[in-house]
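# Chain and residue survey
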Amino acid sequence: MNKLLISMTASLAMLAAAPAIAQQDAQQGAEYADPAAQNAQDANYSDSELQQFVEAQSGVMEVREDYIAKIEAADSQQEAQELQMEANDKMVGVIEEVGMDIPTYNAIATAYSSNPEVRNRVDSMM
């Protein structure tokens, strides 16, 4: 069960890490063609977009924390996987609920981790 917990926790963390992985793939010449992520370095996001990102990020983290506890309590690997899929769906729902699409969310997350200007702007909104 301990390996299952580590696996599920790592999988949930992958959703948050997806922007960085996508950016890395784009830089390595992979066939990932998400224009929003590729333009993450531009940092030309409106205050409204960044505020949506802050709201979405808060909700994503709440879902993630809630589901990590549920996955820890899962009785089987199948149950844990079902909970993981449910968590991913809820995280996507949270992002879309604030009026943001997934590519834009991922692009801002990538810019946040790699561009000090974006990081400072987002941090000032938290």
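Figured I'd write up the structure that's included with this text. (Residues numbered from 1 in each chain as written. Predicted model: local features only at pLDDT ≥ 70, side-chain atom pairs only at ≥ 80, totals over all residues. Heavy atoms only, no water.)

### Notes on the packing of helix H3 (residues 47-72) against helix H6 (residues 116-125)
Two elements in contact, H3 and H6, have axes whose closest approach is 9 Å; the angle formed by their N-to-C orientations is 65 degrees. Compared by their axis directions, H3 and H6 come out roughly perpendicular. Every pair of crossing elements has a handedness; the one defined by H3 and H6 is right-handed. On the side of H3, the interface is formed by Asp 47, Leu 50, Gln 51, Phe 53 and Val 54, while H6 contributes Val 118, Arg 121, Val 122 and Met 125. A per-class count over the contact of H3 with H6 returns six nonpolar, one polar and two charged. (Axes fitted to C-alpha atoms, helices over the stretch in contact; angles between N-to-C directions. Helix = DSSP H or I, 4+ residues; strand = E, 2+ residues; numbered from the N terminus. Parallel < 35°, antiparallel > 145°, perpendicular 65-115°, else oblique. Left-handed = near helix turned anticlockwise from the far one by under 90°. Contact = heavy atoms within 4.5 Å. Nonpolar A, V, L, I, M, F, W, Y, C, P; charged D, E, K, R; others polar.)

### Some thoughts on the nonpolar core
Tyr 45, Phe 53, Tyr 105 and Val 118 are the most contacted members of the largest nonpolar core, which has 25 residues in total. Secondary-structure elements contributing two or more residues to this core are H3, helix H4 (77-97), helix H5 (102-114) and H6. A per-element tally of this core places H3 first, with eight residues. (Core = buried A, V, L, I, M, F, W, Y, C linked by side-chain atoms within 4.5 Å. Buried < 20%, exposed > 50% of the residue type's maximum accessible area, 1.4 Å probe, protein only.)

Any functional reading would require information beyond the geometric quantities listed.
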